[in-house]
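The chain contents come next:
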Amino acid sequence: MADRVTVIGWDGSPLTAAARSALSAATLVAGAAHHLALPEVPPDAERIRLGSVDLAARRIAGHRGTAVVLADGDPGFFGVVRTLRAPEYGLEIEVVPAVSAVAAAFARAGMPWEDARVVVAHQRTLRRAVNVCRAHPKVAVLTSPGAGPAELALLLDGVHRTFVVCEELGTDREQVSVLTSDKAADHVWRDPNVVLVIGGGTGAVPPGGAWLTGQDPAARPVRGWGLPIEEYAPQGYGLASPAAGPAPDAAVPGGARTTAGEDPALRAAQLARLGPRVGDLVWDIGCAGGAFAVEAARFGAAVIAVDTDPDACARTEAAARRHGVLLQAVRGRAPHVLESLPEPDVVRVAGGGVPVVTACADRRPERIVAHASTRDEAEAVGAALADGGYAVESLLLQTVGLDPSDWSERERSVVFLLSGRRPGSP
């Protein structure tokens, strides 16, 4: 095993005294080509091009001498330190940090970043990184080949954001470009780069300033979920939509009456079964007043809310603004409108019946929930989920609102809840 392993961060500025001292004593140096070309690297040291960190770690573990690993930015922040510290290598690590690429990018943009989300985009995580950009107003994306600014822009189709693209930070080829997301796909970008994705206008910091990284929960005005419908539809306008959809091929239009489909207890049960989370994309088909869409967005998920009624889409967007979340409202009739939407992780079907449930199942989300007002409708929806390869749960939910002054019944809701979970999904 190497006698000592020092990981040195490099941000383009002159190396610190500690970094120079470690390099001068190195008998093995690992890093990218531009790191190995630094004049401080001893000419007689063994040199390893750092492609696979795992392979480099094995070489270092078998080396007799003093090893140095050079990495861009802060190597402890989405960097090589985590891999090198894996127990199977048995390496003792010292770290000489530098300014992270994310900190440098926000500095170039002249922006604070304690309220930003930071994501890593590889080809396998690109879709989830894009979902974070849909759901949050300030995101730093550490890109990779095949998952760069152009790919981010293409997958953000229909969502307007500003891109700050920082190429080759810390080098003499550094370049910072500011452009709208719809223009980013037209460029060829140099690696490595960091993309700041900015927009949406809901990144408010509460009075007194921030106290944790990421978006402060206190910046959102309401605590809890499964809230009364009035929280999303002031003055009672457009409170609900028909429970199972007006026609087999229609998404639910907005309505002006309270129904079982908008009962807060049903909404809470649907959210519990879907479990929306950061990095997910939620489809809410038949968004009505936006209560479900907003609550899913408050969990940090990206949300596309679909309805045939333009007023329902407008109410959903207004509810999102009031509650400080981002979502995309799409006017259209399901299942046809779904063909152009990006792949969902979880889906709530508030209307349209079996054809819409079947179309959603064909896209293979991890979970789907729907509801019905009659047993016949529930059996048909459950069969459609089962035919799509989902494990089905069916419940009859009844809620009764009581007046606490005399315990008299104020309102009652009875509805079937159908949920499908794809086998093997988390």
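This is a predicted model, so every value here is computed, not measured.

Peer 1: What am I meant to see in the packing of aromatic side chains here?
Peer 2: Each aromatic ring pair is summarised here by two numbers: the centre-to-centre distance and the angle between the ring planes. Enumeration over the complete set of coordinates arrives at 3 aromatic pairs. Note on Phe-106 and Trp-113: the rings are 5.9 Å apart at their centroids and 5° apart in plane angle, and the pair reads as stacked. The exposure class assigned to Trp-113 is partly exposed, which follows from its relative accessible area of 32%.

Peer 1: Can you walk me through the pattern of salt bridges in this structure?
Peer 2: Proximity of charged atoms lets side chains of opposite charge pair with each other. Under the criterion given, the structure shown has 16 salt bridges. As a salt-bridge pair, Arg-128 and Asp-280 come within 3.0 Å of each other at their nearest N and O atoms. Within this pair, whereas Arg-128 is found in helix 6 (residues 126-135), its partner Asp-280 is found in the loop between helix 9 (264-274) and strand 11 (281-285), the two being separated by 152 residues in sequence. Accessibility expressed as a relative area gives 27% for Arg-128, which makes it partly exposed. As a salt-bridge pair, Arg-128 and Asp-345 come within 3.6 Å of each other at their nearest N and O atoms. Highlighted residues: Arg-128 in helix 6 and Asp-345 in the loop between strand 13 (328-331) and strand 14 (346-349), separated in sequence by 217 residues. The buried category is assigned to Asp-345, whose relative accessible area is 4%. Through salt bridges with shared partners, a single ionic network connects Arg-127, Arg-128, Arg-277, Asp-280 and Asp-345.

Peer 1: Got a minute to help me understand the packing of helix 9 against helix 10 (residues 291-298) in this structure?
Peer 2: The geometry of helix 9 relative to helix 10 is characterised by a closest axis approach of 11 Å and an angle of 40° between their N-to-C directions. Considering their axes alone, helix 9 and helix 10 lie oblique with respect to each other. For the element pair helix 9 and helix 10, the recorded crossing hand is right-handed. Here Arg-267, Gln-270, Leu-271 and Leu-274 of helix 9 come into contact with helix 10, specifically with Ala-291, Phe-292, Glu-295 and Ala-296. Broken down by class, the residue content of the contact of helix 9 with helix 10 amounts to 5 nonpolar, 1 polar and 2 charged.

Analysis parameters
Residues numbered from 1 in each chain as written. Predicted model: local features only at pLDDT ≥ 70, side-chain atom pairs only at ≥ 80, totals over all residues. Heavy atoms only, no water. Phe/Tyr/Trp six-rings, centres within 6.5 Å; stacked < 30°, edge-to-face > 60°. Buried < 20%, exposed > 50% of the residue type's maximum accessible area, 1.4 Å probe, protein only. Salt bridge = Lys/Arg side-chain N within 4 Å of Asp/Glu carboxyl O. Helix = DSSP H or I, 4+ residues; strand = E, 2+ residues; numbered from the N terminus. Axes fitted to C-alpha atoms, helices over the stretch in contact; angles between N-to-C directions. Parallel < 35°, antiparallel > 145°, perpendicular 65-115°, else oblique. Left-handed = near helix turned anticlockwise from the far one by under 90°. Contact = heavy atoms within 4.5 Å. Nonpolar A, V, L, I, M, F, W, Y, C, P; charged D, E, K, R; others polar.

Taken by themselves, the reported measurements are silent on function.
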